[in-house]
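Commentary on secondary and tertiary structure
Chain residues, written in single-letter form:
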Amino acid sequence: MTEIDDTAITTPGSIPAWHAIEGTEALTALGSTAHGVDEVERAARRAGYGANVVGGGRKPKRWLPELAESFTEPLQLLLIAVAALSAVFGELSDAIAIAVVIAIVAVLETATEMRAARSIEALRAMSAPTARLAVAGGVRELAAADLVPGDVVVVEAGDVVPADARVLSARGLRVDESTLTGESVPVGKDPAPVDADAPLATRSSMLYSGTAVVTGDARAVVTATGGHSELGRLGRLVAETREPPTPLQQALSQLARTVLVVAIAASIAVPVVGVLAGQQVRDMLLSGLTVAFATVPEELPILVVVLLAVGGRQLARRGALLRRLRAGETIGAVNVVVTDKTGTLTENQLRLVEVIGDRAEVLRTAMAAQTAGATGREPMEQQLAAAAIGLGVTAVDDDVAGYPFDPQRKLASRVHRSGTGFSLAVAGAPEAVLTRCTLDPAHADELSALVRQRAGQGMRVIAFADRSLTQLPTDRDAAETGLRYVGLACFADPIRPGVTETVTTLHTAGVETIVITGDHPATAAAIAAEAGLPSGHLVERGDRLTDATDAELDALLTHGTVIARATPAVKHRVVQALQRRGQLVAVTGDGANDAPALAAADVGIALGKRGADLARGAADLVLTDDAYPTVVAAVATGRNIGAQLRRAVTFYLGAKLALVAVLLVALAAGLPIPFAPVHIVLLEVFMDLGASVAFVAEPAAPRAMHRPPRPAGTRFLDRPAVAAIGVVAITLTVATLPGYLLLANTSTGAARAAAVLGWLVGHAFIAWTLRTQPGLSWRANPAFPAWAGVAGAAGLLAALTPAGELVHLAAPSPAGLIAVAAAIVAAILAALVAGRALRLPDRL
């Protein structure tokens, strides 16, 4: 295989700067010719470089290793230990039940981690399936996967570029690179070299894999394939990016450590207290195991999954598809949104919004400057054509010469017959057209000011001019001079409906917005202002941030900051900088260039309809309606998920603590254990239902979006949570123990029935006091009163009917029932008083 010389000129990042050398030099360095490389050399290079498909920079995740990793989490290890002890002590059914829970949690966790392979598959879907190869005998078609560096390819309007390539020749070539660079307007391409340090968006001599040819045609020599292309580098960055731990994951790790200490202490304390009270050692060992089983929240992982799954359905109904369950809670905790501009804040559809000058004459000139019958018009040409048709202006089809758009001249022009002579119609960038027009200085200054004003409003401005000719011009320079100014056409990429209100609502909720785009600085600033953002720090070129220190970068990143001409690497660094200073970051985007930042964010949010496959594959949340206001709905729903999750978990842990307290008090008094394992299973069923179904359906607090999110890093078990756990534990103990203690010396079955009844009725109504709005109508959340009613009915059924005998319970005496009722009422009143005193409904 011929050695490729890619060291002649490189960018500062040591990447061959093919854009900075002549096309002939590129062919020589690549060991190629105008017809590419011969078949023998192609085969050798194909073997050396591999297929032209995008593959990540690391091995894809595999199910078994990921599954094994999920078993190493602290809570899982604790449950494994309890299952093993249960089996050792002969409680095989308990061991099997816990093992099933462990397996379910591990499988669910693993399923949510299999993302790298999906991202790579999305990248492959973006690649062109076929390519046209220039050979000595003409052009032949082959699979794009078989391209190698040195091949010469032919592209035309409608093609997807099959690999990174250096332009050798081009005619009116314009390419849509928005998914790669964020540039909202198709960019012109030609063979002329550009500076070695030119950013990606201005490398007019290069074509990049996955971008779309809008107009024109070209020949180009392939410089990079597969993972070495710009698209491939994005793929490696996505695959190598590991998302940060979510607040929920951190909270569960913290909780697991706390529960481990409590579980060990309780499982030791219960046998010791029992033995000291005269109980049998073997009975106390089994009691200790029962306490360990009761204390360890083995259902907590399942409870969390259920809560997030129900919350995910709520998000889906509001237009947000939750791809990773844990992101449903994390989205409510974010305090900064980093958003793309093109296609996210705006519609990525340029529209003609203003014509300056005689409208008919401007449109007539615009149509004359376009190629008659062209099938591959770019968006601005389509808008002009539609406006002309609406005004009755038809295309001119008698052109005799044409000069396609040239990225260096920034002009396109065509020559038509006109009577006995000819007329020239010119369209292009205002600065290029106006300098070629015959204008008095005052008029020229007036027009330049007008162009600057429209550009400052985020508009794209095209100027038009014409010229009468007596004969065909000898060349382009002779044609495009001494022009007569005709007028201007202004285009805007409209901001999406509801964006301004969304930015305001997020700011009211304590969420900052930062705009990062590959587009022009003036356009980015104008759109940011239209979106309601305050004037921030505008960085004209994102590559300036490459060498910025962390302190300099931190100073820039405030609400309203706009970073233009940003590369994917800059977006990625900004996200990491925000995370480094403790912020929880959501990233919104729709292009392949957004994918690395989406993958690195705490929550990646991609557009579903128009978003690139890679962006959707890297995101945690997909907006199925492409509506930016759905972000607010997602944040509000996420906050409610987090709030109800905290209520559910604190209630659940408080009930667990009450269970331990009831067992300890009874054993210390020398009485039989109040709850047999079958009773604990019954209690656990209602605790789980109450903590999941009842709480997750709760409506949000009225002012949830009028205050900032919980600070990042706040402990899950903070003071309000600990206070709530204490209130639940104490009041539930009060509701359960009196009836049991009163009847324990007369009938164990009756005493246990009183305890079960007190528990089931008491815990449902104590949970009621933790609601966001305790006085809420039952219609707002029918699940809560339904659960409370069923729990009470189950307690009465078990305690007062023959059905209780199936679980070794006996009906209590009337005196016992009175004691149980009194204890329940006292406990509920105590919970209400304590909850209001501690403001638990507001603080949780």
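The structure this text deals with has already been given above.
Presented here is an overview of the structure given in this document. Because the structure is predicted, anything quoted here is derived from the model rather than measured.

1. Topic: the overall build of the protein
- A count of helices and strands for the protein gives 30 helices and 21 strands.
- Expressed as a percentage of its 844 residues, the buried residues of the protein come to 55%.
- Long-range contacts, defined as pairs at least 24 residues apart, comprise 75% of the intrachain contacts of the protein with a sequence gap of at least 6.
- Taken as a whole, the protein presents about 33,200 Å² of accessible surface, with 60% of it coming from carbon and sulfur.

2. Comments concerning the packing of helix H18 (residues 499–508) against helix H24 (residues 630–668)
- Put simply, H18 and H24 touch, their axes get as near as 9 Å, and they point 25 degrees apart. On the basis of their axis angle, the class for H18 and H24 is roughly parallel. In contact with Thr502, Thr505 and Leu506 of H18, H24 contributes Val631, Val632 and Val635.
- Class assignment for the residues of the contact of H18 with H24 results in four nonpolar, two polar and no charged.

3. Observations regarding helix H16 (residues 441–456)
- With 16 residues, H16 extends 22 Å from end C-alpha to end C-alpha; this agrees with the ideal 22 Å at 1.5 Å per step.
- Taken together, the buried positions of H16 are Leu447, Val451 and Arg454. An end-on view of H16 places all buried positions within 65 degrees of arc, on one side of the element. Opposite the buried face of H16, at more than 90 degrees from it, the exposed residues are Pro441, Ala442, Asp445, Glu446 and Arg452.
- On the buried face of H16, the contacting elements are strand S10 (351–356), helix H15 (430–434), strand S14 (460–469) and strand S15 (484–492).

4. Topic: the pattern of salt bridges
- Tallying each qualifying case throughout the model produces 26 salt bridges.
- Measuring nitrogen to oxygen at the nearest pair gives 3.8 Å for the salt bridge that ties Arg42 to Glu39. Here the residue Arg42 and the residue Glu39 both occupy positions in helix H2 (residues 39–49), the gap between them amounting to three residues, near one helical turn.
- Among the residues examined, Arg42 registers a relative accessible area of 7% and is labelled buried.
- We note a salt bridge from Arg476 to Glu480, for which the minimum N-O separation is 2.9 Å.

5. Overview of the pairing of S14
- Of all 10 residues making up S14, eight are buried, and the element is well covered by its neighbours.
- Looking at chain direction, strand S13 (residues 421–428) and S14 are connected through seven bridges and run antiparallel. Bridge pairing in S14 links Ala425 to Asp466.
- Sheet analysis places S14 next to S15, joined by seven bridges and oriented antiparallel. Looking across to S15, one finds that Phe464 is bridged to Gly487.

6. With respect to unusual backbone geometry
- A positive phi angle, close to 60 degrees, is found at Lys410, a residue other than glycine.
- Mapped onto the elements, Lys410 comes out in the loop between strand S11 (399–406) and strand S12 (411–418).
- The exposure class of Lys410 is partly exposed, given its relative accessible area of 37%.

7. Remarks on the sheet that holds S14
- In spatial order, the strands read S10-S15-S14-S13-S12-S11; together these six strands make up an open sheet with antiparallel pairing. The open sheet terminates on both sides in strands that have one partner only, identified here as S10 and S11. The mean angle between the axes of side-by-side strands here comes to 20 degrees, regardless of whether they run parallel or antiparallel.
- Both S11 and S12 contribute to a ladder of five bridges, which runs antiparallel. Bridging across to S12, Asp406 finds its partner in Leu411.
- Here H16 sits on the sheet and contacts S10, S14 and S15; the angle it forms with S15, its principal contact strand, is near 10 degrees.

8. As for a nonpolar patch on the surface
- A surface patch of nonpolar side chains, about 360 Å² in accessible area, is lined by Leu92, Ile96, Val100 and Ile104.
- Relative to the helices and strands, Leu92 is located in helix H5 (residues 92–113).
- We classify Leu92 as exposed; its relative accessible area is 53%.

9. Observations concerning the side chain of Lys189
- With respect to the helices, strands and loops of the structure, Lys189 is situated in the loop between strand S5 (187–188) and strand S6 (206–207).
- From its side chain, Lys189 meets the backbone oxygen of Met206 in a polar contact 2.7 Å long.

10. A look at the packing of aromatic side chains
- Applying the stated rule across the entire model yields four aromatic pairs.
- Both rings, one in Phe784 and one in Trp787, keep their centres 5.7 Å apart while their planes meet at 85 degrees; by these two values the pair is edge-to-face. Of the two residues, Phe784 and Trp787 are both situated in helix H28 (residues 783–800); the distance of three residues between them amounts to about one turn of the helix. With respect to class, Phe784 is no different from Trp787; both count as buried.
- Among the aromatic residues, those joined into a ring-pair cluster are Phe651, Trp768, Phe784 and Trp787.
- When the ring centre of Trp768 is taken as reference, the NZ or CZ atom of Arg771 above it lies at 4.7 Å.
- Directly above the ring of Phe784 sits Arg771, whose terminal nitrogen or CZ lies 4.5 Å from the centroid.

11. What to know about the nonpolar core
- Judged by nonpolar contacts, the single largest core of 60 residues is most densely connected at Phe651, Phe675, Phe695, Tyr740, Trp759, Leu770 and Trp787.
- At the level of secondary structure, the elements contributing two or more residues to this core comprise H24, helix H25 (677–696), helix H26 (719–743), helix H27 (748–768), H28 and helix H29 (814–838).
- Of all the elements, H27 adds the most residues to this core, at 13 residues.
- In this structure, Val334, Val337, Leu607 and Leu623 belong to the second largest nonpolar core, which totals 34 residues.

What counts, and where the lines are drawn
Sequence order sets the numbering: in each chain, residues are counted from 1 along the sequence as written. Totals for whole chains, interfaces and linings use all residues, but because this is a predicted model, local features are given only for residues with pLDDT of at least 70 and pairs of side-chain atoms are given and counted only at 80 or more. Computation of side-chain values: all heavy atoms of the structure, hydrogens and water removed. Here a helix means four or more residues in a row that DSSP labels H or I, a strand means two or more in a row labelled E, and each is numbered from the N terminus. Categorising residues by exposure relies on relative accessible area from a 1.4 Å probe, with only protein chains included: less than 20% of the type maximum marks a residue as buried, more than 50% marks it as exposed, and the intermediate range marks it as partly exposed. The contact definition used throughout considers only heavy atoms, calling two residues in contact when any of these lie within 4.5 Å. In this description, accessible areas are obtained by the Shrake-Rupley approach with a 1.4 Å probe, and a residue is regarded as covered only by the protein chains that are shown. Structural elements are reduced to axes, namely lines fitted to C-alpha atoms, with helices fitted over the stretch in contact, and the angle between N-to-C directions of any two is expressed from 0 to 180 degrees. Relative orientations are named as follows: roughly parallel for angles under 35 degrees, roughly antiparallel for angles over 145 degrees, roughly perpendicular for angles from 65 to 115 degrees, and oblique for any other angle. All residues other than Ala, Val, Leu, Ile, Met, Phe, Trp, Tyr, Cys, Pro, Asp, Glu, Lys and Arg, Gly among them, are scored as polar; the first ten of these are nonpolar and the last four charged. What a helix is expected to span follows from its residue count: subtract one and scale by 1.5 Å. Think of the arc as the fan of directions from the helix axis to the C-beta atoms. For this document, the term salt bridge refers to a Lys or Arg side-chain nitrogen within 4 Å of an Asp or Glu carboxyl oxygen. Strands qualify as paired when DSSP identifies two bridges or more between them. To count toward a patch, a residue needs a relative accessible area above 30% and no salt bridge. Like charges then connect within 9 Å, nonpolar side chains (Val, Leu, Ile, Met, Phe, Trp, Tyr) within 5 Å. N or O atoms within 3.5 Å of each other form a polar contact, as long as, within protein, one can give a hydrogen and the other can take it, and as long as residues adjacent in sequence are counted only when both atoms are side-chain atoms. By convention, a stacked pair of Phe, Tyr or Trp rings (six-membered ring in the case of Trp) has centres within 6.5 Å and planes under 30 degrees apart, an edge-to-face pair has planes over 60 apart, and any other such pair is tilted. Consider the ring centre and the ring normal. A charge sits over the ring if Lys NZ or Arg CZ is within 6 Å of that centre and within 35 degrees of that normal. Definition of nonpolar core: a set of buried residues of the types Ala, Val, Leu, Ile, Met, Phe, Trp, Tyr and Cys, connected through side-chain atoms within 4.5 Å.

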